[in-house]
Structures are given as structure tokens and as C-alpha cells.
Amino acid sequence: MFGAEWCRDCRRSKKLLDELGVAYDYVDLECVADGADRAKAISGRTQIPVIVFADDSHLVEPSDADVRAKLTELGTI
């Protein structure tokens, strides 16, 4: 997951993943020098969060329902 602490949607998505017990790597765009470039290379956009899944698909600014649906599809939850 690519995000920033000042981003409300990022905090919401992190909270959901934590509540679901899903392991994830978090790339804080304010701390990782090339984090924003990496997120943009994946999504083609500058919006965050960018959540990359085990099947290499990704979602940008997803709702909790979208994240749950994708994790269910992958059998993660």
C-alpha cells in the first residue's frame, strides 16, 4: 500500500487492513524518496492510497467495500 499519514483515505484503508488481519507493506510517500514515483508508475495516477494486491492488480482511492471485495476474490479474507 502506498499512502501518507495526512491522507484520510489512506488512514481508513490501513485501519481496514489492520482490522481484517491482512499483512501488507506500507510505503509512506513522505518517508520513501521514490515512493510517489513508484505509486504513479503502478496506477498512472497521483491519487492515494494505491493498494497493490497479491495478483498484481491495484486499486486507487478504493472504498472499504472495494477492498473487501478484492480480498474476498483473492481468498485473503
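Rules used throughout
- Residues numbered from 1 in each chain as written.
- Predicted model: local features only at pLDDT ≥ 70, side-chain atom pairs only at ≥ 80, totals over all residues.
- Heavy atoms only, no water.
- Helix = DSSP H or I, 4+ residues; strand = E, 2+ residues; numbered from the N terminus.
- Rg over C-alpha atoms; globule rule 2.2 N^0.38 Å.
- Buried < 20%, exposed > 50% of the residue type's maximum accessible area, 1.4 Å probe, protein only.
- Contact = heavy atoms within 4.5 Å.
- Areas by Shrake-Rupley, 256 points an atom, 1.4 Å probe, with all protein chains shown as cover.
- Lys, Arg positive; Asp, Glu negative; His and termini not counted.
- Charge placed at Lys NZ, Arg CZ, Asp CG, Glu CD.
- Salt bridge = Lys/Arg side-chain N within 4 Å of Asp/Glu carboxyl O.

(A) Representation of the overall build of the protein chain in the model. For the protein chain, the count of helices and strands is 3 helices and 4 strands. In sequence order, the protein chain lays out its α and β elements as β-α-β-α-β-β-α. By the compact-globule yardstick of 11 Å for 77 residues, the protein chain fits well, its C-alpha radius of gyration being 12 Å. Overall, the protein chain is about 30 × 20 × 20 Å in size when its C-alpha atoms are taken along their principal axes. When each of the 77 residues of the protein chain is scored for burial, the buried share is 34%. Partitioning the contacts of the protein chain with sequence separation of at least 6, the portion at a separation of at least 24 is 42%. Of the roughly 4,600 Å² that the protein chain leaves accessible, carbon and sulfur atoms contribute 48%. Once the 10 positive and 15 negative side-chain charges of the protein chain are each reduced to a mean point, those two points are 4 Å apart.

(B) A look at the pattern of salt bridges. This structure, assessed with the given rule, holds 8 salt bridges. When the shortest N-O distance is used, the salt bridge between Arg38 and Asp34 registers 3.7 Å. Its relative accessible area of 38% is what places Asp34 among the partly exposed residues. One connected set of salt bridges, linked through shared partners, spans Asp9, Arg12 and Asp64.

(C) Up close: unusual backbone geometry. Cis peptide bonds are those with omega within 30 degrees of zero, and the linkage from Ile48 to Pro49 qualifies with 0°. Phi at Asp56 takes a positive value of approximately 70°, unusual for a residue other than glycine. Mapped onto the fold, Asp56 is located in the loop between β3 (50-52) and β4 (58-60). Judged by relative accessible area, Asp56 falls into the exposed class, the value being 67%. In this structure, Glu61 is a non-glycine residue whose phi angle is positive, near 50°. The class of Glu61 is partly exposed, set by a relative accessible area of 37%.

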